[in-house]
Amino acid sequence: MAAVLDSVRAFFAQNAFTIDAENPGDVVARENLLDRAMGPNRRRKSSEALRRGRVPAEGLALVARDPHGHIIGTVRLWNIEAGVSRDGSSVDALLLGPLAVDAAHEGKGVGGALMRAAIVAAKSRGHGAILLVGDAPYYERFGFFAVKAQHLVMPGPFERNRFLGLELKEGWLDGAAGMLVASGRKLAMPKLRRAA
């Protein structure tokens, strides 16, 4: 029943928002949205340890905008190594998160549209798998399942039943085991000059 209601809402919400690439001018609005949606402790999560000091994967930072151009949703994907394969080589993957939608726009299909756009964009860029920590009943409809991440661990506390994976290339996570490690580009920090 919930899926039917989501479909009906999404149908009537068509044209109420657009999905767009995040740009540098979106930073403040995105951070404010994340603070409202996820609370003050959002930076203490294990996923944040993999994102800290890094930039999102190329072309995989998306926002949803209302007709006035205001950000009402956000999702980002990050380059990681998902443990190692059976032969000992690192397994490249993506970590999704955070996904957030402004409370005033929940139930309008914004989150689902962002998820679908992120998955399509990741697949079109040749990535093999996406991992995330989230509510299984929500993410399973996009193909994410705990069994795909069963031999992987986060760098810090996490709930095993909320650690989910989606293979964009069949068999990509087969045999992958170990801890997730950040592998994306580092955030460039401005050089500080010494006072004379």
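What you see as residue numbers is a count from 1 along each chain, following the sequence as written. With the structure being a predicted model, the display of local features is reserved for residues of pLDDT at least 70 and the display and counting of side-chain atom pairs for 80 or more, all residues being used for whole-chain, interface and lining totals. To get the side-chain values, all heavy atoms of the structure are used, and hydrogens and water are removed first.

Visitor: Please give an account of the overall build of the chain that cites residues and values.
Guide: When you go through the chain residue by residue, the secondary structure sums to 5 helices and 9 strands. Contact criterion: two residues are considered in contact whenever any of their non-hydrogen atoms come within 4.5 Å of each other. Taking contacts inside the chain between residues at least 6 apart in sequence as the whole, the part at least 24 apart equals 68%. Carbon and sulfur atoms make up 55% of the accessible area of the chain, which totals about 11200 Å². Note on conventions: DSSP H or I runs of at least 4 residues are helices, E runs of at least 2 residues are strands, and numbering of each starts at the N terminus. Residue-level accessible areas treat just the shown protein chains as cover; the underlying method is Shrake-Rupley with a 1.4 Å probe.

Visitor: Which residues make up the packing of aromatic side chains, and what are the values?
Guide: Two aromatic rings are characterised by how far apart their centres lie and by the angle between their planes. Aromatic rings from Phe, Tyr and Trp, with only the six-membered ring used for Trp, were paired whenever their centres fell within 6.5 Å, and each pair was classed as stacked if the ring planes differed by under 30 degrees, edge-to-face if by over 60, and tilted otherwise. Summed over the entire model, instances satisfying the criterion amount to 4 aromatic pairs. With a centroid separation of 6.2 Å and 75 degrees between ring planes, the pair formed by tyrosine 139 and phenylalanine 144 is classed as edge-to-face. Given the relative accessible area of 0%, phenylalanine 144 is considered buried. What links up through ring pairs into an aromatic cluster is the set Tyr138, Tyr139, Phe142 and Phe144. Per-residue accessibility, obtained with a 1.4 Å probe over protein chains only, is compared with the maximum for each type, and a residue is labelled buried under 20%, exposed over 50%, and partly exposed between these values.

Visitor: Before we move on, can you summarise empty space enclosed by the protein with the specific residues and values?
Guide: Definitions used for this entry: grid spacing 1 Å over protein atoms alone; cavity, a set of points where a 1.4 Å probe fits but cannot get out; pocket, an open set with protein on both sides within 12 Å along at least 5 of 7 lines; lining residue, one with an atom within 4 Å of a point. Grid points are joined across faces, edges and corners, and a volume is the space filled by probe spheres set on the points. Counted under the stated rule, the structure contains 1 cavity of 30 Å³ or more. Its volume calculated, the largest cavity comes out at about 30 Å³. Together, Met38, Arg42, Lys45, Glu48, Arg51 and Pro98 line the largest cavity. Here the residues of the lining of the largest cavity sort into 2 nonpolar, no polar and 4 charged. Three classes are used, and their members are as follows: Ala, Val, Leu, Ile, Met, Phe, Trp, Tyr, Cys and Pro are nonpolar, Asp, Glu, Lys and Arg are charged, and the others, Gly among them, are polar.

Visitor: Outline helix α2 (residues 27–38), supporting the account with residue identities and numerical values.
Guide: When the terminal C-alpha atoms of α2 are compared, their 16 Å separation across 12 residues agrees well with the 16 Å that a helix rising 1.5 Å per residue should span. For α2, every residue scored as buried is listed here: Arg30, Leu33 and Leu34. The buried residues of α2 occupy one face: seen down the axis, they fall within an arc of 100 degrees. Exposed residues pointing more than 90 degrees away from the buried face of α2 are listed as Val28 and Arg36. How far a helix is expected to stretch is found by multiplying one less than its residue total by 1.5 Å. Regarding the arc, it is the one traced by the directions from the helix axis to the C-beta atoms.

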